[in-house]
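Next come the chains, spelled out residue by residue.
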Amino acid sequence: MSTQHQIPSYLTPHETGPWAVYLEQIDRVTPYLGHLSRWVETLKRPKRILVVDVPIERDDGSIAHFEGYRVQHNTSRGPGKGGVRFHQDVTLSEVMALSAWMTIKNSAVNVPYGGAKGGIRVDPKTLSHGELMRMTRRYTSEIGIIIGPDKDIPAPDVNTNEQTMAWMMDTYSMNEGRTATGVVTGKPISLGGSLGRREATGRGVFVVGCEAASKRGLDIAGAKIAVQGFGNVGGIAARLFAEAGAKIVAVQDHGGTIFHSNGLNVHKLLEHVAAHGSVAGFEGAEAVLPDQEFFAVHCDILIPAALEQQITAANADQIKAKIILEGANGPTTPEADDILRDKGVLVVPDVIANAGGVTVSYFEWVQDFSSYFWSEDEINQRLTRIMKEAFHAVWQVTEDKSVSLRTAAFIIGCSRVLQAREVRGLYP
Ligand code: GLU
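Residue numbering note: each chain is counted from 1, following its sequence as written. Totals for whole chains, interfaces and linings use every residue, but because this is a predicted model, local features are given only for residues with pLDDT of at least 70 and side-chain atom pairs only at 80 or more, for both listing and counting. To get the side-chain values, take all heavy atoms of the structure and skip hydrogens and water.

Side note on the site of the ligand
Throughout, the term near means that a residue has one or more heavy atoms lying within 4 Å of the molecule or strand in question. Among the 14 residues in the neighbourhood of the ligand, the closest are listed as K81, K105, P156, D157 and S361. Two N or O atoms form a polar contact when they lie within 3.5 Å of each other; inside protein one atom must be a possible hydrogen donor and the other a possible acceptor, and for residues adjacent in sequence the pair counts only when both atoms belong to side chains. Within the contact set of the ligand, an oxygen atom lies 2.8 Å away from a side-chain nitrogen or oxygen of K81. Here an oxygen atom of the ligand and a side-chain polar atom of R197 are 3.1 Å apart. In the complex, 95% of the free accessible area of the ligand, which totals 290 Å², lies under the protein chains. Breaking the shell around the ligand down by element, the ones donating at least two residues are β3 (80-87), α2 (92-108), β5 (152-156) and α10 (356-370). Note on areas: Shrake-Rupley, 1.4 Å probe, and residue coverage restricted to the protein chains presented here. Helix and strand assignments come from DSSP, with helices taken as H or I runs of at least 4 residues and strands as E runs of at least 2, each series counted from the N terminus.

Following this line, the structure appears as structure tokens:
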């Protein structure tokens, strides 16, 4: 019986961006899916794509239009879930890939969600506070036809934060005529946000990193770490590793690359970045490196915590780290994965390493539904337990099937989604 699938017209045939990376990852896992591979095409196309025009009145009275997206990749296991990104390079195919990685991530750590993602193609630094608010509200109104506490639940991502979520929650609630706290996660505590959510992604990176280090016989105390991206993920992960005795020897962000052989003072660096917006100009650095030297820095652990496709065939060979912890979504291309495997570098994939954020988003959503809020200790303990269990389950598959951690995480993630798909069946 031959299966024929028409290629959707919105997929460009010569795609080389994140969506192509994701498709290659699915091709690599397919041989391990057994009878479920019959359903694999379902993972290769998003369930639903919404492209919206987002017009706003600028402070000077002119009208500006932005392009917004919300992609629901899969809802077989539960409502869509995933962040919203504001960035000048956002494209539909990028948001598709990010939504698909949410499907795999939510399934790999077994939170009861499908995968979704949203974004607006905009450099938020070019907008005033009021313009940002109007853009966020109009975007929320436009995607309001497909989101909701039991349909699709947005959250913060690159360049969005608690304030963004407060505006989204308010806009949705005003349009619905009721206060719907559960429509977004990553909210301020005063609006039904969860303790520990802000730090959760970085904390998850730290927890999984400690497990990976112990598998490799690496002591965190004294370990040298390089971090790309010093925002909510990289900054928090760096702080937790430094508090555990590691040395943060290099940090790169959009402002440049700084280095200190004895470890940068992370607390001072966090204060500097909060005040100045980037690591540029930090006085506690021993050296400022050319950006292209970042991946060649001598370190034990490398944490890409910025954007996609940073570790590629062009730089994977220079990497000295023993372990890569993917704080970002999609930072490593499949070609780089192969090079790193041959070099014996352990790559802890995004869908496990950065799943702490969505895990505490799940806790937030549960707390909102029950209107009963947990202590920060309870949140962190539950987060740690889920992250450790997910890591060890993936490690077991790696050993049983002699595959990379990424393929192992995809085996677990894809199998759960496709089992749900199969047992639900096709309707109508
Ligand atoms: N944006 C985060 C991620 O990429 C969190 C998503 C969420 O909490 O829904 O995992």
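A look at the environment of D350
Residue position: D350 is located in helix α9 (residues 350-353). Ignoring any residue separated from it by four or fewer positions in sequence, one finds D350 in contact with W101, K105, E326, A328, N329, G330, P331, A355 and R406. When checking whether two residues touch, look at their non-hydrogen atoms; a contact exists if any pair is within 4.5 Å.

Details of the sheet that holds β5
What the 5 strands build is an open sheet, ordered β1-β2-β4-β3-β5; its pairing is mixed. Every interior strand has two partners, whereas the edge strands, β1 (48-57) and β5, have only one. Across this sheet, the average inter-strand angle for adjacent strands is 25°, counted without regard to direction. When DSSP locates at least two bridges between a pair of strands, those strands are taken to pair. As judged from the 5 bridges shared by β3 and β5, these two strands associate in the parallel manner. Bridged to K81 within β5 is I153. Note on definitions: angles span 0 to 180 degrees between N-to-C directions of axes, and those axes are lines fitted to C-alpha atoms, for helices only across the stretch in contact.

A look at the pairing of strand β4 (residues 115-121)
Three exposure classes are used, based on accessible area relative to the maximum for each residue type with a 1.4 Å probe and protein chains only: buried under 20%, partly exposed in between, and exposed over 50%. Among the 7 residues of β4, 6 are classified as buried, and the element is accordingly described as predominantly covered. As paired strands, strand β2 (residues 63-74) and β4 are joined by 6 bridges and run antiparallel to one another. Bridge pairing in β4 links Q72 to A116. A clockwise course of the path from the first strand over the helix to the second, judged with the strands pointing away from the viewer, identifies a crossover as right-handed. For the crossover from β3 across α2 to β4, the handedness is right-handed.

Thoughts on the packing of aromatic side chains
When the centres of two rings from Phe, Tyr and Trp lie within 6.5 Å, Trp using its six-membered ring, the rings pair. Their planes under 30 degrees apart give stacked, over 60 give edge-to-face, and anything left gives tilted. Counted under the stated rule, the structure contains 10 aromatic pairs. Centroid distance Y362 to W365: 6.4 Å. Interplanar angle 40°. Geometry classified as tilted. Placement of the pair is Y362 and W365 together in helix α10, with a separation of 3 residues, close to one helical turn. On the basis of relative accessibility, which here comes to 12%, the residue W365 falls in the buried class. Here the basic side chain of R382 rests over the ring of W374, its NZ or CZ set 4.0 Å away from the ring centre. Placement of a charge over a ring requires the Lys NZ or Arg CZ to be within 6 Å of the ring centre, with the centre-to-atom vector within 35 degrees of the ring normal.

Points about the packing of helix α11 (residues 376-401) against helix α12 (residues 405-424)
Contact geometry of α11 with α12 gives a least axis separation of 8 Å together with a crossing angle of 110°. Classified by the angle their axes make, α11 and α12 are roughly perpendicular. Contacts between α11 and α12 involve F391, A393, V394, W395, V397, T398 and K401 from the first element and L405, A408, A409, I411 and I412 from the second. Lys, Arg, Asp and Glu make up the charged group, whereas Ala, Val, Leu, Ile, Met, Phe, Trp, Tyr, Cys and Pro make up the nonpolar group; the residues left over, Gly among them, are polar. Split into classes, the residues belonging to the contact of α11 with α12 amount to 10 nonpolar, 1 polar and 1 charged. Should an angle fall under 35 degrees it is called roughly parallel, over 145 degrees roughly antiparallel, and 65 to 115 degrees roughly perpendicular, with every other angle called oblique.

Interpretation in functional terms is not warranted from these geometric data alone.
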